[in-house]
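This is what each chain is made of:
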Amino acid sequence: MTEIFADISDNVRKKADMIWRIAINQPSPAQAAKFLNDITEYYRTKWTEEEVDFLQFYFQTQMEMVKK
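All values derive from a computational prediction rather than experimental measurement. Positions within a chain are numbered from 1, following the residues in the order the chain's sequence is written. Confidence filtering applies because this is a predicted model: local features only for residues at pLDDT of at least 70, side-chain atom pairs given and counted only at 80 or more, and all residues used for totals across whole chains, interfaces and linings. Heavy atoms throughout the structure, all of them, feed into the side-chain values; hydrogens and water do not.

**With respect to helix α2 (residues 29–44)**
Secondary structure counts use DSSP, requiring at least four H or I residues in a row for a helix and at least two E residues in a row for a strand, with both numbered from the N terminus. Helices are assigned an expected span. That span is 1.5 Å times one less than the residue count. Between its first and last C-alpha, α2 extends 22 Å over 16 residues, near the 22 Å set by a 1.5 Å rise per residue. Of the residues making up α2, those classed as buried are A32, L36, I39, T40 and Y43. What you see down the axis of α2 is that its buried residues fit within an arc of 100°, all on one side. Residues of α2 that are exposed and angled more than 90 degrees away from the buried face: A30 and K34. The contact rule is simple, with two residues in contact once any of their heavy atoms fall within 4.5 Å. Packing partners of the buried residues in α2 comprise α1 (10–24) and α3 (49–67). Summary of the burial criterion: residues with accessible area below 20% of their type's maximum are buried, those above 50% are exposed, and those between are partly exposed, where the area comes from a 1.4 Å probe applied to protein chains only. It is the directions from the helix axis to the C-beta atoms that the arc portrays.

If you want it as structure tokens, here you go:
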């Protein structure tokens with residue numbers, strides 16, 4: 001299987017996981033969604049487009065797993 005985001009650093013991957021863990025501990029799903037949106041917008045000014053795309057993909061994937 002080919003990795004979609006092969007060039008993403010371990011640092012970015014670890015940050016995405018840490019951010020997700022904080023988000024799922026928010027008091028409500030609405031607050032978690034706002035937190036993830038705010039974080040994504042913040043990193044849009046700090047990271048490359050590919051890194052932000054990975055962040056969004058990671059969050060969407062995690063949300064799909066929670067729904068199951």
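There's more to say after this.
**Side note on the packing of α1 against α3**
Closest axis-to-axis distance for the α1/α3 pair is 10 Å, and the angle between their directions is 40°. In this view, α1 runs oblique relative to α3, as classed from their interaxial angle. As α1 packs across α3, the resulting crossing turns out to be right-handed. Counted together, V12, R13, A16, D17, I19 and W20 of α1 and E51, F54, L55, Y58, F59, Q62, M63 and V66 of α3 form the full contact between these two elements. Three residue categories are used. Nonpolar comprises Ala, Val, Leu, Ile, Met, Phe, Trp, Tyr, Cys and Pro, charged comprises Asp, Glu, Lys and Arg, and polar comprises the others, including Gly. Across the contact of α1 with α3, the residue classes tally to 10 nonpolar, one polar and three charged. Each axis is a line fitted through C-alpha atoms, taken for helices only over the stretch in contact, and angles between the N-to-C directions span 0 to 180 degrees. Roughly parallel means an angle under 35 degrees; roughly antiparallel, over 145; roughly perpendicular, 65 to 115; everything else is oblique. In this scheme the handedness of a crossing depends on how the near helix is turned from the far one: anticlockwise by less than a right angle means left-handed, clockwise means right-handed.

**Regarding the packing of aromatic side chains**
Stacked, tilted and edge-to-face pairs are distinguished by plane angle, under 30 degrees for stacked and over 60 for edge-to-face with tilted covering the rest, among Phe, Tyr and Trp rings (Trp via its six-membered ring) whose centres lie within 6.5 Å. Evaluation of the coordinates by the stated rule reveals seven aromatic pairs. Seen from their ring centres, F5 and F57 are 5.4 Å apart, and the 45° between their planes marks the pair as tilted. Placement of F5 in the segment before α1 and of F57 in helix α3 is noted, with a sequence separation of 52 residues between them. F5 gets classed as buried once you look at its relative accessible area, which sits at 11%. Of the residues examined, F57 reaches a relative accessible area of 36% and is grouped as partly exposed.

**Examining the environment of L36**
The topology assignment puts L36 in helix α2. Distance in space between the C-alpha atoms of L36 and F54 is 13 Å, their sequence separation being 18 residues. Once residues lying within four places of it in the same chain are set aside, the contact partners of L36 are I19, W20, A23 and F59.

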